[in-house]
Amino acid sequence: MALKEHKTPLLDELEKGEWPSFVTEIKNCASKNEMSNDLLGLLEKSYRERIGFWKHGGIVGVMGYGGGVIGRYTQLPEEYPNIEHFHTMRVNQPSGWLYTSDALRKLCDIWEKHGSGLTNMHGSTGDIVFLGCTTDDLEPTFADLTEAGFDLGGSGSDVRTPSCCIGPARCEWACYDTLAVTYDFTMHYQDELHRPAFPYKWKFKMSGCPNDCVASVARADISIIGTWQDDIRIDQDSVGEYSDNGLDILRDVIMNCPGKCMEWDGKTLEIDNKTCRHCMHCINAMPKALRPGTDTGAVVLIGSKAPIVEGAIISSVLVPFWKPEPPYDDLKDLMDEIIDLWCEEGKARERIGEFIQRVGMGNFLDAIGLEPEPAMVAYPRDNPYVFYEDAEEE
Amino acid sequence: MADTQKRITDIGPPDYKDFMSPAMKANYGKWKYHEIIRPGVMVHVSETGDKLFTVRAGGSRLMSIDKIRQFCDIADKFCDGYFRFTSRHNIEFMFTDESNIDPLIKAINDLGHPVGGTGNSISSIVHTQGWVHCHSAATDASGVVKAVMDDLIDHFKNMDLPGKLRIALACCLNMCGAVHCSDIAILGIHTKAPIVDNDTLPKMCEIPTVVASCPTAAIRPSTEDGKPGVEVIEENCMFCANCYTVCPSMPLNNADTDGISLWVGGKVSNARTEPTFSKLAVPFIPNNPPRWPEVTDTIRTMVEVWAQNARKFERMGEFIDRIGWPRFFEMTGIEFQKEHIDDFKYAGLSFKRSAHLSY
Ligand code: SF4
Ligand code: SF4
């Protein structure tokens, strides 16, 4: 069947220029798939009229799951009948976005058979995104996916697909096994991931060191960021080499150290590790000379989110140092405490960060049985409106 | 379902261990250091002496299955089929034979993809769906990103910037790509209150939920001709589209008043300074597809001012912190307006509360 030809003068402009063009990608699929072809036409119309033409998602999904599929319908089904349904499927990516060509070819074949052929590699949360599926094709796609060893990710008010950096598979700075923790948590929370039953979404992100390559501190309800407790390992000869090769150690490294804890006399670099803030700067600047210590683990932070509903939050310290040891039951138990409390007392569409701000961090810690620690605050409160608890009730 | 096959559920993702190359497995957790040999090419050296080379290709997040298959072919040819994606839509090919570097780069370039994004450069822009797929988008995502990356591609291919440059785009305040801690955040915004459709609203939405969805309490229940509905107090609306997200009867997309705001100086990494939010640079730029020239020009101006004046390693926000915001506005020529001054909760924290000023 010949595909309807959509003229796309505006989108064609976006095939010019050196950066890889998403328009070329859509056109590739449009040449053999009627859904993608109608998408191309609809998008050109959006470019012409400067507005989107998508309706709200209805509730669609695969049997027994509440998450993993985002319903999407165009507002213009008469004009673009092939994208009347154009749902998104989130496919849970492997830890660290590691693949073999065999596995990816299988996914491509499945998506060629059932959908538009368009993907996002990857969506913002980390999933492989299959863009554009009809309602009827959801279940068959799912069957083929699970047959190939893949499963859907999270969506809606559930545990969202956890994601992590490359970790110990290729990074010398990984202070814990991000890939293993991510895989373990993903498997542990399969039910919570597929069947939304929370007040709102819940994201885990695992970064191997304070460089935070998966931006966990900004966009995860639980941000697990690798760090170390002992001394930075120094290879003095290599430090000398960096200096000889033109790195201005005083200006570029030491003056940038937030702990003000380094000294360099032209020969020897000294670090007062007691006040090192584990920021990674000196290590980033001289990766051959400096390494994190060997007593490694992670800081667990809680609460970050984008603005919706009550404003954006950056995660704050919950557990100053966690030593990850499989099966990670200590952290999972703590998560269960928090999630239970939040499910019981959180309001609809209230993220955990907002919940904590509403009830107060102190009360929150009480409720989950965690002792307050100075590492949890940037500084103690500076306002005197203290809600002292009645000593007699204690 | 008339299906004889047993339905498989809750198996989770494949085990990552099955997707690690032999070199990764052998050196797992034993990496000692890495070097950036040239833009887009790294070598990781293990305590065992093994070396693993990585070539990073810039990718567009929206990809056809044919493109993925072409990347698979490259991986088969040079990497025994093993490759990965990064958190910023880049594609990384890893291999142990150094002589593969040049032919691999050529294969990637032949496919129309640049190599780069390492060290002090701009990496690919993380972004959301935009007009391609989202109901509340105030701008397109992929198109703006393509235009900005076309303009800044030299900074992707060369490590000629003072520090890392991380740009992100979200097509509305929902920020399904949390962009609010980026060196430069491109944020789609609506600037008109939702138009309430009280004919459909009671059927499609629960009124208390709609009322409660508004962060600024701009929505209240109303009755029109004895029929229940809601009304929006327009002065209180800050166009976040929260209400529209919970209720389709409150659309606020508008071709003339939707557009883009630009934010600067955020970061997530802990290096030197703590993670911090991006701050408002430009309150509103109308949508101007297909290439959004006002957006790309303003971003280029900010990037060049930073690139020419920042100290080594200084990220955009650290640079602005040092020179002060007045100087930033002066140097970039961006007009400072009323919208730049916060007027929401705790707004006073962002006022200048000292005499620390530069003249
Ligand atoms: S890690 Fe950061 S705080 Fe610690 S010594 Fe290095 S630069 Fe200073
Ligand atoms: S757009 Fe946001 S601020 Fe405006 S009425 Fe809706 S929820 Fe309230």
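As the structure is a prediction and not an experimental result, all values here were calculated from the model.

J.: Requested: an account of the overall build of chain B, with residues and values cited.
T.: When helices and strands are counted, chain B shows ten helices and twelve strands. By its C-alpha atoms, chain B is 75 × 75 × 35 Å across when sized along the principal axes. Taking all 359 residues of chain B together, the buried fraction comes to 59%. Residue pairs in contact within chain B that sit at least 24 positions apart in sequence constitute 63% of those at least 6 positions apart. Chain B carries 38 positive and 44 negative side-chain charges, and their two centres are separated by 6 Å.

J.: Describe in detail the interface of chain A and chain B, supporting the description with residues and values.
T.: Every contact between the two is made by 114 residues of chain A and, on the other side, 111 residues of chain B. Both faces combined, the contact of chain A with chain B buries some 10,200 Å², and carbon together with sulfur accounts for 59% of it. Sorting the residues of chain A by area buried against chain B places Trp19, Arg50 and Arg170 of chain A first, and these three jointly supply 10% of that buried surface. Remark: the boundary between chain A and chain B carries 13 salt bridges. Its salt-bridge partner being Arg69 of chain B, residue Glu112 of chain A comes within 2.8 Å of it at the nearest N-O pair. Along the lines of polarity and charge, the residues of the side of chain A that touches chain B split into 57 nonpolar, 29 polar and 28 charged.

J.: Describe the site of ligand 2, and please don't skip the residues or the numbers.
T.: For ligand 2, the set of nearby residues contains 14 residues, the closest of which are Cys214, Cys237, Cys240, Ala241 and Cys243 of chain B. The residue makeup of the shell around ligand 2, split by class, is twelve nonpolar, two polar and no charged.

J.: So, the packing of aromatic side chains: which residues are in play, and what are the values?
T.: Tallying each qualifying case throughout the model produces 27 aromatic pairs over all chains. When the centroid spacing of 5.8 Å and the interplanar angle of 85° are considered together, the rings of Tyr99 of chain A and Phe85 of chain B count as edge-to-face. Highlighted residues: Tyr99 of chain A in strand β5 (residues 98–100) and Phe85 of chain B in strand β5 (residues 82–85), drawn from two different chains. Exposure class is identical for Tyr99 of chain A and Phe85 of chain B. Each is buried. Measuring from centroid to centroid gives 6.3 Å for Phe185 of chain A and Tyr328 of chain A, while their planes differ by 50°, and the two rings are tilted. Placement of Phe185 of chain A in helix α6 (residues 178–188) and of Tyr328 of chain A in the loop between β16 (316–322) and α12 (329–345) is noted, with a sequence separation of 143 residues between them. Of the two residues examined, Phe185 of chain A and Tyr328 of chain A, each falls in the buried class.

J.: Describe the sheet that holds strand β3 (residues 51–57) of chain B, listing the residues and the values that go with them.
T.: Spatial ordering of the open sheet is given by β5(A)-β5(B)-β6(B)-β3(B)-β2(B)-β1(B), a layout of six strands whose pairing is antiparallel. Only two strands of the sheet have a single neighbouring strand rather than two, namely β5 of chain A together with β1 (31–38) of chain B. Averaged over all pairs of adjacent strands, the angle between their axes in this sheet comes to 25°, without regard to strand direction. Of the strand pairs in this sheet, β5 of chain A and β5 of chain B are connected by three bridges, and their pairing is antiparallel. For Thr100 of chain A, the partnering residue across the bridge sits in β5 of chain B and is Tyr82 of chain B. Relative to β5 of chain A, helix α4 (residues 101–114) of chain A is tilted by about 85°, and along the sheet it contacts β5 of chain A together with β5 of chain B. Here helix α3 (residues 101–110) of chain B sits on the sheet and contacts β1, β2 (41–46), β3 and β6 (91–95) of chain B; the angle it forms with β3 of chain B, its principal contact strand, is near 20°.

J.: Break down the sheet that holds strand β9 (residues 204–207) of chain A for me, citing the residues and quoting the values.
T.: All names here are of chain A. Read across the sheet, five strands follow the order β8-β9-β10-β15-β16 without closing on themselves; strand pairing throughout is mixed. Of all strands in the sheet, those with a lone pairing partner are β8 (163–164) and β16, marking the two edges. Strand direction decides the pairing type here: strand β15 (residues 296–302) and β16, joined by four bridges, are antiparallel. Across the sheet, Ala298 pairs through a bridge with Trp322, a residue of β16. Across the sheet, α6 lies against β8 and β9, angled at about 165° from β9, the strand it touches most. Relative to the sheet, helix α14 (residues 361–368) contacts β15 and β16, its axis offset from that of β16 by approximately 40°.

J.: Account for the domain arrangement of chain A, with residues named and values stated.
T.: Here the domain parsing of chain A yields domain 1 (9–49), domain 2 (69–147), domain 3 (163–228 + 296–376) and domain 4 (233–291). Relative to domain 3 of chain A, the C-alpha centre of domain 1 of chain A lies at a distance of 39 Å.

J.: Would you mind going over the nonpolar core in detail, with residue names and values included?
T.: Looking at soluble globular proteins, one finds that nonpolar side chains tend to be buried together. Ranked by size, the top nonpolar core spans 115 residues in total, and within it Trp202, Leu318, Met335, Ile338 and Phe364 of chain A together with Phe93 of chain B carry the most contacts. The element best represented in this core is helix α2 (residues 65–79) of chain B, accounting for eight residues. Structurally, this core is a two-domain feature, drawing no fewer than three residues from each of domain 2 (69–147) and domain 3 (163–228 + 296–376) of chain A. Excluding its chain neighbours within four sequence positions, the residues that come into contact with Trp202 of chain A are Asp158, Val159, Arg160, Asp221, Ile222, Met335, Ile338, Ile339, Trp342 and Ile352 of chain A. Ranked by size, the runner-up nonpolar core spans 68 residues in total, among them Leu39 of chain A together with Val148, Val295 and Ala310 of chain B.

J.: Describe the site of ligand 1, naming the residues involved and giving the relevant values.
T.: Around ligand 1 lies a shell of 14 residues, among which Cys257, Cys276, Arg277, Cys279 and Cys282 of chain A are the nearest. Looking at the shell around ligand 1 residue by residue, the class counts come to ten nonpolar, three polar and one charged.

J.: Describe the side chain of His34 of chain B, and please don't skip the residues or the numbers.
T.: Of note, His34 of chain B is situated in strand β1. Its relative accessible area of 12% is what places His34 of chain B among the buried residues. A distance of 2.6 Å separates the side chain of His34 of chain B from the side chain of Glu172 of chain A, its partner in a polar contact.

J.: Which residues make up the pattern of salt bridges, and what are the values?
T.: Within this structure, the stated rule accounts for 44 salt bridges over all chains. One salt bridge in this structure joins Glu25 of chain A and Lys67 of chain B, with 2.7 Å as the shortest N-O distance. Of this pair, Glu25 of chain A sits in helix α2 (residues 22–30) while Lys67 of chain B sits in helix α2, which puts the two residues in different chains. Residue class for Glu25 of chain A comes out buried when judged on its relative accessible area of 4%. A salt bridge links Glu139 of chain A to Arg7 of chain B, with the nearest nitrogen and oxygen atoms 2.6 Å apart. Taken together, the residues span two chains, with Glu139 of chain A in helix α5 (residues 135–147) and Arg7 of chain B in the segment before α1 (22–26). Judged by its relative accessible area of 24%, Arg7 of chain B falls in the partly exposed class. In this structure, a network of salt bridges that share partners links the residues Lys32, Asp109 and Glu112 of chain A together with Asp66 and Arg69 of chain B.

Calculation notes
Residues numbered from 1 in each chain as written. Chains lettered and ligands numbered in written order. Predicted model: local features only at pLDDT ≥ 70, side-chain atom pairs only at ≥ 80, totals over all residues. Heavy atoms only, no water. Helix = DSSP H or I, 4+ residues; strand = E, 2+ residues; numbered from the N terminus. Buried < 20%, exposed > 50% of the residue type's maximum accessible area, 1.4 Å probe, protein only. Contact = heavy atoms within 4.5 Å. Lys, Arg positive; Asp, Glu negative; His and termini not counted. Charge placed at Lys NZ, Arg CZ, Asp CG, Glu CD. Buried area = accessible area lost by both parts, 1.4 Å probe. Salt bridge = Lys/Arg side-chain N within 4 Å of Asp/Glu carboxyl O. Nonpolar A, V, L, I, M, F, W, Y, C, P; charged D, E, K, R; others polar. Near = heavy atom within 4 Å. Phe/Tyr/Trp six-rings, centres within 6.5 Å; stacked < 30°, edge-to-face > 60°. Pairing = 2+ DSSP bridges. Axes fitted to C-alpha atoms, helices over the stretch in contact; angles between N-to-C directions. Domains from an automatic or database assignment. Core = buried A, V, L, I, M, F, W, Y, C linked by side-chain atoms within 4.5 Å. Polar contact = N/O pair within 3.5 Å; in protein donor to acceptor, adjacent residues only side chain to side chain.

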